[in-house]
Amino acid sequence: MSLDRINPASLSPATGFSHAVAATGSRLVFLAGQTALDASGKVVGQSLPEQFEVALTNLLAALAAAGGGPADLGRVTVYAVDVASYRTHAPELGRIWRRLAGRDYPAMAVIGVVRLWDEQALVELDGLAVLP
(Lines give C-alpha, C1' and ligand atoms only; values in the text may rest on other atoms or scores of the structure.)
Protein backbone atom coordinates (compact mmCIF):
# COMPACT_ATOMS: atom_id res chain seq x y z
CA MET A 1 0.00 0.00 0.00
CA SER A 2 1.16 3.47 -0.68
CA LEU A 3 -0.34 6.91 -0.45
CA ASP A 4 1.17 9.63 -2.61
CA ARG A 5 0.38 13.08 -1.22
CA ILE A 6 0.13 15.61 -4.05
CA ASN A 7 0.45 19.34 -3.42
CA PRO A 8 0.91 21.25 -6.69
CA ALA A 9 2.91 24.48 -6.54
CA SER A 10 0.13 26.18 -8.52
CA LEU A 11 -2.27 25.84 -5.55
CA SER A 12 -2.14 27.64 -2.22
CA PRO A 13 0.26 26.00 0.25
CA ALA A 14 -1.28 22.96 1.92
CA THR A 15 -1.09 23.50 5.67
CA GLY A 16 -2.48 20.66 7.76
CA PHE A 17 -3.92 18.80 4.76
CA SER A 18 -2.96 17.52 1.31
CA HIS A 19 -4.63 18.80 -1.86
CA ALA A 20 -4.81 15.28 -3.30
CA VAL A 21 -3.88 11.78 -2.21
CA ALA A 22 -3.36 8.99 -4.72
CA ALA A 23 -3.76 5.53 -3.20
CA THR A 24 -2.47 2.15 -4.22
CA GLY A 25 -3.59 -0.73 -2.07
CA SER A 26 -5.94 -3.61 -1.76
CA ARG A 27 -8.23 -2.78 1.16
CA LEU A 28 -10.43 0.28 1.60
CA VAL A 29 -11.65 1.13 5.08
CA PHE A 30 -14.62 3.49 5.29
CA LEU A 31 -14.63 5.15 8.70
CA ALA A 32 -17.97 6.25 10.13
CA GLY A 33 -18.37 9.69 11.62
CA GLN A 34 -16.89 9.94 15.09
CA THR A 35 -17.77 12.57 17.65
CA ALA A 36 -16.54 13.06 21.21
CA LEU A 37 -18.48 10.09 22.57
CA ASP A 38 -16.92 8.14 25.41
CA ALA A 39 -17.34 4.36 25.77
CA SER A 40 -20.70 4.83 27.51
CA GLY A 41 -22.07 6.95 24.64
CA LYS A 42 -21.84 10.30 26.41
CA VAL A 43 -20.39 13.39 24.68
CA VAL A 44 -17.33 14.54 26.63
CA GLY A 45 -15.45 17.83 26.46
CA GLN A 46 -16.91 21.31 26.51
CA SER A 47 -14.61 23.07 24.05
CA LEU A 48 -14.03 22.42 20.36
CA PRO A 49 -10.38 21.38 20.90
CA GLU A 50 -11.40 18.94 23.67
CA GLN A 51 -14.08 17.38 21.49
CA PHE A 52 -11.82 17.34 18.42
CA GLU A 53 -9.20 15.36 20.36
CA VAL A 54 -11.74 12.76 21.49
CA ALA A 55 -13.33 12.50 18.03
CA LEU A 56 -9.92 12.05 16.36
CA THR A 57 -8.93 9.49 19.00
CA ASN A 58 -12.17 7.61 18.26
CA LEU A 59 -11.57 7.75 14.49
CA LEU A 60 -8.03 6.42 14.93
CA ALA A 61 -9.28 3.66 17.27
CA ALA A 62 -11.76 2.49 14.63
CA LEU A 63 -8.97 2.57 12.04
CA ALA A 64 -6.62 0.63 14.32
CA ALA A 65 -9.33 -2.00 14.88
CA ALA A 66 -9.45 -2.42 11.10
CA GLY A 67 -5.68 -2.92 11.01
CA GLY A 68 -4.60 0.56 9.94
CA GLY A 69 -2.86 3.60 11.29
CA PRO A 70 -2.89 7.37 10.77
CA ALA A 71 -0.55 7.21 7.75
CA ASP A 72 -3.18 5.07 5.96
CA LEU A 73 -5.77 7.88 5.98
CA GLY A 74 -6.45 9.06 2.45
CA ARG A 75 -9.38 11.33 3.22
CA VAL A 76 -10.91 12.93 6.32
CA THR A 77 -13.98 15.14 6.42
CA VAL A 78 -14.56 17.38 9.42
CA TYR A 79 -18.10 18.53 10.18
CA ALA A 80 -18.15 21.58 12.48
CA VAL A 81 -21.17 23.32 13.97
CA ASP A 82 -19.16 26.57 14.14
CA VAL A 83 -16.65 27.02 11.31
CA ALA A 84 -15.52 30.39 12.68
CA SER A 85 -14.60 28.71 15.96
CA TYR A 86 -12.83 25.94 14.02
CA ARG A 87 -10.74 28.56 12.19
CA THR A 88 -9.97 30.35 15.47
CA HIS A 89 -8.81 27.09 17.07
CA ALA A 90 -7.03 25.80 13.94
CA PRO A 91 -3.49 26.13 15.38
CA GLU A 92 -4.46 24.13 18.48
CA LEU A 93 -6.38 21.57 16.41
CA GLY A 94 -3.30 21.19 14.21
CA ARG A 95 -1.16 20.46 17.27
CA ILE A 96 -3.67 17.84 18.41
CA TRP A 97 -3.66 16.28 14.92
CA ARG A 98 0.15 16.13 14.77
CA ARG A 99 0.39 14.62 18.27
CA LEU A 100 -2.17 11.89 17.53
CA ALA A 101 -1.84 11.32 13.78
CA GLY A 102 1.53 12.72 12.71
CA ARG A 103 2.37 14.81 9.67
CA ASP A 104 1.18 12.53 6.85
CA TYR A 105 -1.89 14.62 6.12
CA PRO A 106 -4.85 13.20 4.20
CA ALA A 107 -6.99 15.13 1.77
CA MET A 108 -9.35 17.05 4.05
CA ALA A 109 -12.42 19.25 4.04
CA VAL A 110 -14.17 21.16 6.80
CA ILE A 111 -17.91 21.49 6.34
CA GLY A 112 -20.16 23.71 8.43
CA VAL A 113 -23.33 22.03 9.68
CA VAL A 114 -26.33 23.25 11.64
CA ARG A 115 -26.01 20.45 14.21
CA LEU A 116 -24.79 16.91 14.62
CA TRP A 117 -26.62 13.74 15.72
CA ASP A 118 -25.82 14.40 19.38
CA GLU A 119 -26.89 17.94 20.13
CA GLN A 120 -23.89 18.56 22.43
CA ALA A 121 -21.38 17.51 19.75
CA LEU A 122 -19.38 20.35 18.22
CA VAL A 123 -17.38 18.37 15.68
CA GLU A 124 -17.47 15.05 13.82
CA LEU A 125 -14.79 13.37 11.70
CA ASP A 126 -15.18 10.61 9.14
CA GLY A 127 -12.63 9.16 6.78
CA LEU A 128 -11.36 6.74 4.20
CA ALA A 129 -8.19 4.72 4.60
CA VAL A 130 -6.28 2.47 2.21
CA LEU A 131 -4.56 -0.58 3.70
CA PRO A 132 -2.27 -3.15 2.11
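Above this text you will find the structure in question.
Here's a quick rundown of the structure. (Residues numbered from 1 in each chain as written. Predicted model: local features only at pLDDT ≥ 70, side-chain atom pairs only at ≥ 80, totals over all residues. Heavy atoms only, no water.)

**Re the sheet that holds strand 6 (residues 123-131)**
Inference 1: The four strands lie next to each other as 3-6-4-5, forming an open sheet whose pairing is mixed. Of all strands in the sheet, those with a lone pairing partner are strand 3 (27-34) and strand 5 (107-112), marking the two edges. Recorded for the sheet is a direction-independent mean angle of 10° between the axes of neighbouring strands.
Inference 2: Contacts from helix 1 (residues 48-65) reach strand 3, strand 4 (73-80) and strand 6 within the one sheet, and its direction differs from that of strand 6 by about 30°. (Pairing = 2+ DSSP bridges. Helix = DSSP H or I, 4+ residues; strand = E, 2+ residues; numbered from the N terminus. Axes fitted to C-alpha atoms, helices over the stretch in contact; angles between N-to-C directions. Contact = heavy atoms within 4.5 Å.)

**Examining the nonpolar core**
One broad trend across soluble globular proteins is that nonpolar side chains are buried collectively.
Inference 1: Core analysis: the largest hydrophobic core is formed by 25 residues, its most contacted members being F52, L73, V76, W97 and L125.
Inference 2: The set of elements that each furnish at least two residues to this core consists of strand 3, helix 1, strand 4, helix 3 (90-101) and strand 6.
Inference 3: With seven residues, the top contributor of residues to this core is helix 1.
Inference 4: Among all residues touching L73, those that are not within four sequence positions of it are L3, R5, L31, L60, L63, W97, P106, L128 and A129. (Core = buried A, V, L, I, M, F, W, Y, C linked by side-chain atoms within 4.5 Å. Buried < 20%, exposed > 50% of the residue type's maximum accessible area, 1.4 Å probe, protein only.)

**Considering the packing of helix 1 against helix 3**
Inference 1: With their axes 10 Å apart at the nearest point, helix 1 and helix 3 run at an angle of 25° to one another. It follows from the interaxial angle that helix 1 and helix 3 lie roughly parallel. Judged by the twist between their axes, the crossing of helix 1 over helix 3 is right-handed. Contacts between helix 1 and helix 3 involve L48, P49, F52, E53, L56, T57 and L60 on the former and, on the latter, E92, L93, I96, W97, R99, L100 and A101.
Inference 2: Taken together, the residues of the contact of helix 1 with helix 3 break down into 10 nonpolar, one polar and three charged. (Parallel < 35°, antiparallel > 145°, perpendicular 65-115°, else oblique. Left-handed = near helix turned anticlockwise from the far one by under 90°. Nonpolar A, V, L, I, M, F, W, Y, C, P; charged D, E, K, R; others polar.)

**Thoughts on the side chain of Q51**
Inference 1: Mapped onto the elements, Q51 comes out in helix 1.
Inference 2: A polar atom in the side chain of Q51 sits 2.7 Å from the backbone nitrogen of L122.
Inference 3: If we skip the residues at most four places from it in the chain, Q51 touches A36, V43, V44, G45, Q120, A121, L122 and V123. (Polar contact = N/O pair within 3.5 Å; in protein donor to acceptor, adjacent residues only side chain to side chain.)

**Some remarks on helix 1**
Inference 1: Taking 1.5 Å per residue, 18 residues should reach 26 Å; helix 1 reaches 25 Å between its end C-alpha atoms and fits that length.
Inference 2: Buried residues of helix 1: L48, P49, Q51, F52, A55, L56, N58, L59, L60 and L63, and no others.
Inference 3: Contact partners of the buried residues in helix 1: strand 3, strand 4, helix 2 (83-88), helix 3 and strand 6.
Inference 4: Positioned one or two residues after helix 1, G67 has a phi angle of 95°, which is positive. (Expected span 1.5 Å × (residues − 1).)

Shape is all these values report; function is a separate question.
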